[in-house]
Amino acid sequence: NCGIFYYLRSGFLDSKYMIEYENYKLTCYTISIGKTQNISIYDGEKQIAEIIKSVQALENYYIFLQVK
């Protein structure tokens, strides 16, 4: 395995996805907006990426990465 992606629930209102890869630990929060599901990916306090998935077209994903 080169990385892990898992769901973490710490309380009733505290749930998130986590990505662990080598020394990186990224936190992912998901929200549904209209006909899309948005997953914001954070490195600490800074958002570094976002994945947008259409709930109608199950195979379409759009990934936006922040460029330094």
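Analysis parameters
- Residues numbered from 1 in each chain as written.
- Predicted model: local features only at pLDDT ≥ 70, side-chain atom pairs only at ≥ 80, totals over all residues.
- Heavy atoms only, no water.
- Phe/Tyr/Trp six-rings, centres within 6.5 Å; stacked < 30°, edge-to-face > 60°.
- Helix = DSSP H or I, 4+ residues; strand = E, 2+ residues; numbered from the N terminus.
- Buried < 20%, exposed > 50% of the residue type's maximum accessible area, 1.4 Å probe, protein only.
- Polar contact = N/O pair within 3.5 Å; in protein donor to acceptor, adjacent residues only side chain to side chain.
- Disulfide = S-S within 2.5 Å.
- Core = buried A, V, L, I, M, F, W, Y, C linked by side-chain atoms within 4.5 Å.
- Contact = heavy atoms within 4.5 Å.
- Pairing = 2+ DSSP bridges.
- Axes fitted to C-alpha atoms, helices over the stretch in contact; angles between N-to-C directions.

1. Remarks on the packing of aromatic side chains
And step 1. Taken as a whole and assessed by the stated rule, the structure comprises three aromatic pairs.
And step 2. With a centroid separation of 5.8 Å and an interplanar angle of 70 degrees, the aromatic rings of Tyr29 and Tyr42 are classed as edge-to-face. Separated by 13 residues along the polypeptide, Tyr29 in strand 3 (residues 24-33) and Tyr42 in strand 4 (residues 36-43) bring together distant segments of the chain.
And step 3. Residue Tyr29 is classed as partly exposed on the basis of its relative accessible area, which comes to 37%.
And step 4. Counting every residue linked through ring pairs, the aromatic cluster contains Phe5, Tyr7 and Tyr17.

2. Brief notes about the environment of Glu22
And step 1. Take Glu22: it is sitting in the loop between strand 2 (15-21) and strand 3.
And step 2. The exposed category is assigned to Glu22, whose relative accessible area is 62%.
And step 3. For the pair formed by Glu22 and Ile4, sequence separation is 18 residues and the distance between their alpha carbons is 9.5 Å.
And step 4. Within the structure, Glu22 has its side chain in polar contact with the side chain of Tyr21 (distance 3.5 Å).

3. What about the state of the cysteines?
The bond known as a disulfide is covalent and runs between the sulfur atoms of two cysteines.
And step 1. A complete count under the given rule lists zero disulfides for this structure.
And step 2. Cysteine Cys2 is unpaired, with the sulfur of Cys28 as its nearest cysteine sulfur at 15 Å.
And step 3. Judged by relative accessible area, which is 63%, Cys2 ranks as exposed.

4. Regarding the nonpolar core
And step 1. By size, the foremost hydrophobic cluster in this structure holds five residues: Leu26, Cys28, Ile39, Ile41 and Ala49.
And step 2. Going through the elements one at a time, strand 3 and strand 4 are the ones with two or more residues in this core.
And step 3. If sequence neighbours within four positions are ignored, Ala49 has contacts with Ile39, Ser40, Ile41, Phe64 and Leu65.

5. Comments concerning the sheet that holds strand 5 (residues 46-54)
And step 1. With antiparallel pairing, six strands are arranged side by side in an open sheet as 1-2-3-4-5-6. Pairing within the sheet leaves two strands with one partner each, and these edge strands are strand 1 (3-9) and strand 6 (61-65). Each adjacent strand pair in this sheet contributes to an overall mean axis angle of 25 degrees, direction not counted.

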